[in-house]
Amino acid sequence: MTATSIEEAAIAQCQAGDQQAFGVLYEAHVEAMYAYFFYRVQERELAEDLVSQLFMRALSRIKQYKGEKGSFKGWLYRLARNILIDHYRSHKKVSSLEEAEQVAGKDDVAKAASTRHQLAAVEAYLQKLPDAQRDMVYMRLWDELSYEEIAELTGKSIGSCKMILSRTLRTVRHDLAHVLLGFILMIITLQ
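Residues numbered from 1 in each chain as written. Predicted model: local features only at pLDDT ≥ 70, side-chain atom pairs only at ≥ 80, totals over all residues. Heavy atoms only, no water.

Student: Is there a simple way to explain the packing of aromatic side chains in this structure?
Tutor: To describe a pair of aromatic rings, you give the distance between the ring centres and the angle between the ring planes. Considering all chains together, one arrives at 9 aromatic pairs under this definition. For the ring pair Phe-22 and Phe-55, a centre distance of 6.1 Å and an interplane angle of 70° mean the geometry is edge-to-face. In this pair, Phe-22 is assigned in helix 2 (residues 22-41) and Phe-55 in helix 3 (residues 44-60), connecting sequence segments 33 residues apart. For the pair shown, Phe-22 and Phe-55 are each scored as buried. A network of ring pairs unites the aromatic residues Phe-22, Tyr-26 and Phe-55 as a single cluster. The positively charged end of Arg-140 is found above the aromatic ring belonging to Tyr-147, 4.2 Å away from the centroid. (Phe/Tyr/Trp six-rings, centres within 6.5 Å; stacked < 30°, edge-to-face > 60°. Helix = DSSP H or I, 4+ residues; strand = E, 2+ residues; numbered from the N terminus. Buried < 20%, exposed > 50% of the residue type's maximum accessible area, 1.4 Å probe, protein only. Lys NZ or Arg CZ within 6 Å of the ring centre and 35° of its normal.)

Student: Whenever I open this one, the pattern of salt bridges confuses me. Can you help?
Tutor: Should the charged atoms of two oppositely charged side chains come close, the side chains can pair. Counting across every chain of the model gives 5 salt bridges. Glu-149 serves as the salt-bridge partner of Lys-73, at 3.4 Å between the closest nitrogen and oxygen. Within this pair, whereas Lys-73 is found in helix 4 (residues 72-90), its partner Glu-149 is found in helix 7 (residues 147-154), the two being separated by 76 residues in sequence. (Salt bridge = Lys/Arg side-chain N within 4 Å of Asp/Glu carboxyl O.)

Student: So what exactly am I meant to see when it comes to a nonpolar patch on the surface here?
Tutor: Together, Met-1, Ile-6 and Val-24 line one region of the surface with nonpolar side chains, adding up to about 310 Å² of accessible area. Within the secondary structure layout, Ile-6 lies in helix 1 (residues 3-15). Among the residues examined, Ile-6 registers a relative accessible area of 35% and is labelled partly exposed. (Patch = residues over 30% accessible without salt bridge, like charges linked within 9 Å, V, L, I, M, F, W, Y side chains within 5 Å. Areas by Shrake-Rupley, 256 points an atom, 1.4 Å probe, with all protein chains shown as cover.)

Student: Explain the nonpolar core here, please?
Tutor: Nonpolar side chains in soluble globular proteins tend to be buried together. Formed by 47 residues in total, the largest nonpolar core has its most connected members in Leu-25, Phe-37, Leu-54, Phe-55 and Phe-72. Mapped by element, the contributors of at least two residues to this core are helix 1, helix 2, helix 3, helix 4, helix 5 (109-128), helix 6 (131-142), helix 7 and helix 8 (158-175). Discounting chain neighbours no more than four positions away, the residues touching Phe-55 are Phe-22, Leu-25, Tyr-26, His-29, Val-30, Met-33 and Leu-76. (Core = buried A, V, L, I, M, F, W, Y, C linked by side-chain atoms within 4.5 Å. Contact = heavy atoms within 4.5 Å.)

Student: Please explain helix 7 as it appears in this structure.
Tutor: For an α-helix, 3.6 residues make a turn, and residues three or four places apart therefore share a direction. Of all the residues in helix 7, the buried ones are Tyr-147, Glu-149, Ile-150, Ala-151 and Leu-153. Immediately beyond the C-terminal end of helix 7, within one or two residues, lies Gly-155, with a positive phi of roughly 80°.

Student: Mind showing me how you'd approach the side chain of Gln-42 here?
Tutor: Summarising the element assignment, Gln-42 is placed in the loop between helix 2 and helix 3. Overall, Gln-42 belongs to the buried group, its relative accessible area being 11%. At 3.1 Å, the side chain of Gln-42 and the backbone oxygen of Tyr-39 are in polar contact. (Polar contact = N/O pair within 3.5 Å; in protein donor to acceptor, adjacent residues only side chain to side chain.)

Student: Just to check I follow, could you spell out the confidence of the model for the protein chain for this structure?
Tutor: Detailed reading of the predicted coordinates is not advisable wherever pLDDT falls low. Confidence in the prediction for the protein chain averages 80 pLDDT; 78% of positions are at 70 or higher. Of all the helices and strands in the protein chain, helix 9 (residues 177-190) carries the lowest mean pLDDT, 60, while helix 3 carries the highest, 94. Counting contacts from residues 93-107, a segment whose pLDDT is below 50, to residues more than four positions away or on other chains yields 24 contacts. (pLDDT = per-residue confidence, 0-100.)

Student: What exactly am I supposed to notice about the environment of Phe-37 here?
Tutor: Along the chain, the position of Phe-37 falls in helix 2. Sequence spacing of Phe-37 and Asp-143 is 106 residues, and the spatial spacing of their C-alpha atoms is 9.6 Å. In this structure, Phe-37 is in contact with Gln-42, Ala-47, Leu-50, Val-51, Leu-54, Ala-80, Ile-83 and Leu-84, ignoring residues within four places of it in sequence.

Student: What exactly am I supposed to notice about the environment of Phe-22 here?
Tutor: By relative accessible area, which is 7% here, Phe-22 ends up buried. Separated by 11 residues in the primary sequence, Phe-22 and Ile-11 have C-alpha atoms spaced 7.3 Å apart. In contact with Phe-22, not counting residues within four places along its chain, are Cys-14, Phe-55, Ala-58, Leu-59 and Ile-62.

Here it is as structure tokens:
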């Protein structure tokens, strides 16, 4: 059996009332959903809580899923996006990059500080982007979604998604050239 047919069988079992079959769906998507939330909230515990909310909501609404309207993965991402919107509406908190500090080695405090500064600059810049552009960057680069999946999630055409991401990345490269140069220099010195 292929991964797709296993997933389809698990969905059918869940929709027929077998909640145990949901474990297959959970295992297939939990890492991607955790990454989706973590890259947006930058807090491990909060990302875990949001993942829990997502899968509880997915289980409770599994009978509403219609395969002919899109992939199960796309449906999960739509639910995740709604949960994230609900979270931001109820919590106006700005998150930090403490979790990302682990990128730098613990041996070199100067490199860690430089990395922290560069990551903070990138995060601050991304937060200033319009929601559609920021979401496009996150979905394509961090979530590694295909343009087809992004189009399905956003309701835009594939061409429109490609154009938005291309223009956004061009602007990011221009605006953050100094930060990107710092990353490149840091990588070179680590080698």
